Amino acid sequence: MANKSKRLQFLERNRRVAAIARREAIGALAEAQASEDQTASLASRSRLLAGTYGRSSQDMIGHDLAHRGVFAASLAGIATDAEKARKEAADQRVRSVNTLAAREQRLDRIDESLAGEKREANRAAELREITDGAVLARKLLRPAAKHDRNRI
């Protein structure tokens, strides 16, 4: 099968491209998952800190209490923003999963086409061998006189 058909070469190139696209989709999914985990952790810690600073365990003067309230409100804002970012990252993760599924499906279709094309190429090669062998056998079975005429 030294002389590959153009279709077979085309499918092999498409398979390499599809495999690269699949790897990129896996990378995008990993990034989205990491981003979702990171923002969820940030939101959780911010909520915990805001809750801690929101509760007053000791008597404070008005000025300190006001600063503590402002700080707690800032932490609550960070927690809210982090939660929004987590939701966006979760949406991106879902899109990445869908993209990965589509790219894996494309790779599977190309693999099926490639396998079919290779089977056809092998059948054609076997048929050529059989045909070439039959032609040779017919030449060998010809009467010797006919061969002698051609030599003169």
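Residues numbered from 1 in each chain as written. Predicted model: local features only at pLDDT ≥ 70, side-chain atom pairs only at ≥ 80, totals over all residues. Heavy atoms only, no water.

Some remarks on the pattern of salt bridges
Okay, so step 1: Counted under the stated rule, the structure contains eight salt bridges.
Okay, so step 2: For Arg22, the salt bridge goes to Glu104, with nearest N and O atoms at 3.3 Å. With a gap of 82 residues between them, Arg22 in helix H1 (residues 6-54) and Glu104 in helix H2 (residues 62-141) connect regions that are remote in the sequence.
Okay, so step 3: Given a relative accessible area of 28%, Arg22 falls into the partly exposed group. (Salt bridge = Lys/Arg side-chain N within 4 Å of Asp/Glu carboxyl O. Helix = DSSP H or I, 4+ residues; strand = E, 2+ residues; numbered from the N terminus. Buried < 20%, exposed > 50% of the residue type's maximum accessible area, 1.4 Å probe, protein only.)

Some points on the confidence of the model for the protein
Okay, so step 1: Residue-level pLDDT values for the protein average 84, and 83% of them are 70 or greater.
Okay, so step 2: Considering each helix and strand of the protein separately, the mean pLDDT is smallest for helix H3 (residues 144-151), with a value of 54, and largest for H1, with 91. (pLDDT = per-residue confidence, 0-100.)

Re a nonpolar patch on the surface
Okay, so step 1: Taken together, the side chains of Leu49, Tyr53 and Phe71 present a nonpolar region at the surface, about 270 Å² in accessible area.
Okay, so step 2: Examined against the element boundaries, Leu49 turns out to sit in helix H1.
Okay, so step 3: With relative accessibility at 42%, the residue Leu49 sits in the partly exposed group. (Patch = residues over 30% accessible without salt bridge, like charges linked within 9 Å, V, L, I, M, F, W, Y side chains within 5 Å. Areas by Shrake-Rupley, 256 points an atom, 1.4 Å probe, with all protein chains shown as cover.)

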